[in-house]
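Topology and contacts: notes
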Amino acid sequence: LFELEKKLRKDDFYTSILSAFSRKDLKNKENLYKKLDTHLQPRGSYEIFSHILGLIFNFISGEKEFNKEMILKGDLSDRILGNFIYDKFYETENDEFMSDRINVETFHGVPGKHTGQYSVWNNPSAPVKKKVIAFGNSFFGNCLDQGCLGWWFSNYLENFYCVWSSNIDFDLVEKEKP
């Protein structure tokens, strides 16, 4: 992966997030990742989101305190072990502008499959007055919790489209003109 990262870093279509996790001032790095899951803790998603927002829009989202403890199950424990195993997660308080976020449209694809689903979000109070379309996977998620990148983008951006796909839908990009 290091060699792939090194090679892609030179391309203008690639944004590395490795530096977001290697900052020397970053404390409690163990709270970036879920321990019983293949995904990020809310703080890990926030660090990536903040890094990307800073690179693309030169927007600094600021520090947050992730101290709101929750107990949730991991996404793989029942599939591997046949039983749920629970873990601690830490969220942060929502900013006031987040209460204005609206789910304009959601489409769920084939039952049991994530590819093809999408959601569209508007937040007239968002601090970043931009439209973004993300073609992503479970790290962007359904935009419903802080552990998903999509949750952060759908709150901080005025318009956000989250499309669960490994392919770019160029017709959608042309239509929406993000």
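Right above here is the structure, for reference.
The sections below set out a description of the structure shown in this document.

What counts as what
Residues numbered from 1 in each chain as written. Predicted model: local features only at pLDDT ≥ 70, side-chain atom pairs only at ≥ 80, totals over all residues. Heavy atoms only, no water. Salt bridge = Lys/Arg side-chain N within 4 Å of Asp/Glu carboxyl O. Helix = DSSP H or I, 4+ residues; strand = E, 2+ residues; numbered from the N terminus. Buried < 20%, exposed > 50% of the residue type's maximum accessible area, 1.4 Å probe, protein only. Polar contact = N/O pair within 3.5 Å; in protein donor to acceptor, adjacent residues only side chain to side chain. Phe/Tyr/Trp six-rings, centres within 6.5 Å; stacked < 30°, edge-to-face > 60°. Lys NZ or Arg CZ within 6 Å of the ring centre and 35° of its normal. 1 Å grid on protein atoms, 1.4 Å probe; cavity = no way out; pocket = protein on both sides within 12 Å on 5 of 7 lines; lining within 4 Å. Points joined across faces, edges and corners; volume = space filled by probe spheres on them. Nonpolar A, V, L, I, M, F, W, Y, C, P; charged D, E, K, R; others polar. Pairing = 2+ DSSP bridges. Axes fitted to C-alpha atoms, helices over the stretch in contact; angles between N-to-C directions. Contact = heavy atoms within 4.5 Å.

Opposite charge on two side chains lets them pair, provided their charged atoms get close. In the structure shown here, the tally under the stated rule is 6 salt bridges. Lysine 6 serves as the salt-bridge partner of glutamate 3, at 3.7 Å between the closest nitrogen and oxygen. Separated by 3 residues within a single helix, glutamate 3 and lysine 6 lie in helix α1 (residues 2-8), roughly one turn from each other. Here lysine 88 and glutamate 69 are joined by a salt bridge, their closest N and O atoms 3.9 Å apart.

Turning our eyes to something else, we now look at the side chain of serine 119. The residue serine 119 is located in strand β4 (residues 118-122) in this model. Judged by its relative accessible area of 5%, serine 119 is buried. Here tryptophan 121 takes part through its side chain, which lies 2.9 Å from a polar atom of the side chain of serine 119.

So, about the environment of lysine 24. Mapping lysine 24 onto the fold places it in the loop between α2 (18-21) and α3 (42-57). Judged by relative accessible area, lysine 24 falls into the exposed class, the value being 82%. Sequence separation between lysine 24 and leucine 4 is 20 residues, and the spatial gap between their C-alpha atoms is 23 Å.

The phi dihedral of cysteine 143 is positive, around 70 degrees, even though this residue is not glycine. Its location among the elements puts cysteine 143 in the loop between β5 (128-136) and α5 (149-156). When its relative accessible area of 0% is taken as the criterion, cysteine 143 is described as buried. Positive phi outside glycine occurs at lysine 177, with the angle close to 50 degrees.

With that settled, consider the packing of aromatic side chains. Applying the stated rule across the entire model yields 15 aromatic pairs. Look at phenylalanine 107 and tyrosine 118: their rings are 5.5 Å apart centre to centre, the planes differ by 25 degrees, and that puts the pair in the stacked class. Separated by 11 residues along the polypeptide, phenylalanine 107 in strand β3 (residues 102-107) and tyrosine 118 in strand β4 bring together distant segments of the chain. Taken together, Tyr46, Phe49, Phe59, Phe66, Phe97, Phe140, Trp151, Trp152, Phe153, Tyr156 and Phe160 form an aromatic cluster joined through their ring pairs. The aromatic ring of tryptophan 121 is capped on one face by arginine 101, whose charged end is 4.0 Å from the ring centroid.

Bringing the layout of surface pockets into the picture now. A water-sized probe, rolled over the atoms, reveals where empty space remains. Each pocket or cavity is described by its volume, and for the largest pocket that value is around 1100 Å³. In terms of lining, the largest pocket is formed by 40 residues, of which the most central are Thr15, Ile17, Ile52, Phe140 and Leu149. Looking at the lining of the largest pocket, the element that brings in the most residues is β5, giving 6 residues. Of the residues contributing to the lining of the largest pocket, the split by class is 27 nonpolar, 9 polar and 4 charged. Computed from the structure, the second largest pocket encloses a volume of approximately 820 Å³. In terms of lining residues, the second largest pocket is bounded by 32 residues, among which Ser138, Gly141, Asn142, Asp145 and Cys148 are the most central. The residue inventory of the lining of the second largest pocket, partitioned by class, reads 13 nonpolar, 12 polar and 7 charged.

On to the sheet that holds β5, then. A sheet is described by the order of its strands in space; here 4 strands give the open sequence β3-β4-β6-β5, paired in mixed fashion. On the outer flanks of this sheet lie β3 and β5, each paired with one strand and no other. Looking at each pair of strands side by side, their axes are set apart by 5 degrees on average, direction ignored. Direction of pairing for β3 relative to β4: antiparallel, over a ladder of 5 bridges. Pairing of threonine 106 across the sheet is with serine 119, part of β4. In this fold α3 packs onto β5 and β6 (157-164), with an angle of close to 120 degrees to the strand it touches most, β5. Lying over the sheet, α5 contacts β4, β5 and β6, oriented at roughly 150 degrees with respect to β6.

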